[in-house]
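Chain residues, written in single-letter form:
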Amino acid sequence: MHELSLAQNIMDIVEEQCRKNNVNKVTALWLELGVLSCVEQSALEFCFEMITKDTVAENCQIHFIPIPALAYCWQCQKQVEIQINHNACPHCNSTHLQHRMGNELRIREIEVKV
Ligand SMILES: [Zn+2]
């Protein structure tokens, strides 16, 4: 499952941060999730719950921050926001786009209990 390896990656980063900062309890996580990333939020939460059992992040809350899909349109020569499953510029309908954002999965913030 795709989400399981993503959850594992996030957990690796969280654990590394906790070791560095001497933290032994993570209470919440804020994740930036691009709308084009094809990540199933509920599946990711499920996997995360599974792998965080008996770790510093057990029972931690996960908050998703949606990141819009942005692309650079060569025709309009500016950055435009594109819709999911619609690979054309909303202004000129050109498909000559260069994707800039929308595929990411990133940790924005880690809330810990000191
Ligand atoms: Zn355009």
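In every chain, residue numbers begin from 1 and rise along the written sequence. Owing to the predicted nature of the model, reporting of local features is limited to residues with pLDDT of at least 70; listing and counting of side-chain atom pairs is limited to 80 or more, with chain, interface and lining totals taken over all residues. The side-chain figures draw on all heavy atoms in the structure; neither hydrogens nor water molecules are used.

Undergrad: Tell me about the environment of Cys73, residues and numbers included.
TA: Helical segments are the DSSP runs of H or I of at least four residues, strand segments are the runs of E of at least two, and each set is numbered from the N terminus. Positionally, Cys73 belongs in strand β3 (residues 69–73). Measuring from C-alpha to C-alpha, the distance between Cys73 and His96 comes to 6.3 Å, with 23 residues separating the pair along the chain. Beyond its immediate stretch of four places on either side in the chain, Cys73 contacts Lys78, Val80, Cys89, Cys92, Ser94, His96 and Leu97. Residues are treated as being in contact if the distance between any of their heavy atoms lies within 4.5 Å.

Undergrad: Outline the sheet that holds β3, supporting the account with residue identities and numerical values.
TA: Within the open sheet, the three strands sit side by side as β4-β3-β5. Their pairing is antiparallel. Edge strands, defined here as strands with exactly one partner in the open sheet, are β4 (78–82) and β5 (97–101). Sheet twist, expressed as the mean angle between neighbouring strand axes with direction ignored, is 40 degrees. Strands pair, by our definition, only if DSSP identifies at least two bridges between them. In this sheet, β5 lies alongside β3 in antiparallel orientation, the contact comprising four bridges. Paired with Cys73 across the strands is Leu97, a residue of β5. Axes here mean lines fitted to C-alpha atoms, for a helix over just the part in contact, with angles spanning 0 to 180 degrees between N-to-C directions.

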